[in-house]
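# Summary of structural features
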Amino acid sequence: MWMQAALTAARAGAALGEVPVGAVLVDAAGTHLVSAHNAPIASRDPTAHAEVQVLRQAAQRLGNYRLGGCTLYVTLEPCVMCFGAILHARLARVVYGAADPKAGVIESHLRLPESAPSNHRLQWEGGVLAEEASLLLKEFFRMRRTRL
């Protein structure tokens, strides 16, 4: 259910010309807090990844940068920047769709949940609706290449 919502957010970003990555943040009770998609192009901000967008929005909404107990659902394995933000927010769990063989740091490279020098331990699960998330990215880049 939540990964489907993240995919919906990713599609909204793709419609705006952003790389289709979507994220949803859910609190410990399973209540939807915020959703977002990648927005570095529109915002002219290289840090405006979907994960960072939801963390910023949720922190503002809750009045606290610590988001303990929350679960992040994201369509693509987080990069090192997003992983750092996830740790600082003290999320309980990350669930992602497609692995990112180029920049993913949960299981594709570095395996940061196992090696990050932090006292915070993050639970994670990868591969949830991975095929659908991967297909969305592949189609986006295929379309982009044909327009060039």
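Computed from a prediction, not measured in an experiment: that's the story for all the values here. (Residues numbered from 1 in each chain as written. Predicted model: local features only at pLDDT ≥ 70, side-chain atom pairs only at ≥ 80, totals over all residues. Heavy atoms only, no water.)

## Concerning the sheet that holds strand β1 (residues 22-26)
The criterion, for reference: Note on pairing: DSSP must find at least two bridges between two strands before they are called paired. Under the DSSP-based scheme used, a helix requires at least four consecutive residues in state H or I and a strand at least two consecutive residues in state E, with every element numbered from the N terminus. Geometry is summarised by axes, namely lines fitted to C-alpha atoms with helices restricted to the contacting stretch, and by angles between N-to-C directions that run from 0 to 180 degrees. Note on contacts: a residue pair is in contact if any heavy atoms of the two residues lie within 4.5 Å.
In space, the five strands of this open sheet follow the order β2-β1-β3-β4-β5, with mixed pairing throughout. Where the open sheet ends on each side, the last strands, each with one partner, are β2 (32-37) and β5 (123-125). When the angles between neighbouring strand axes are averaged without regard to direction, this sheet yields 15°. Looking at chain direction, β1 and β2 are connected through five bridges and run antiparallel. Looking at the pairing, Val-26 lines up with His-32 of β2. With respect to the sheet, helix α3 (residues 50-62) is in contact with β1, β2 and β3 (71-76), its orientation differing from that of β2 by roughly 145°.

## Describing the UniProt feature "active site" (unreviewed entry) in the protein
The condition is simple: UniProt positions are given in the numbering used here, feature names are shortened, and annotations may be inferred rather than shown by experiment. Burial classification: accessible surface area is computed with a 1.4 Å probe over protein chains only, and a residue below 20% of its type maximum counts as buried, one above 50% as exposed, and the rest as partly exposed.
Under the feature "active site" (unreviewed entry), the UniProt entry names Glu-51. With respect to the helices and strands, the residue Glu-51 is situated in helix α3. Look at Glu-51 and you get buried, because its relative accessible area is 4%. Beyond its immediate sequence surroundings of up to four residues, Glu-51 is in contact with Val-21, Ala-23, Leu-72, Val-74, Leu-76, Pro-78, Cys-79 and Cys-82.

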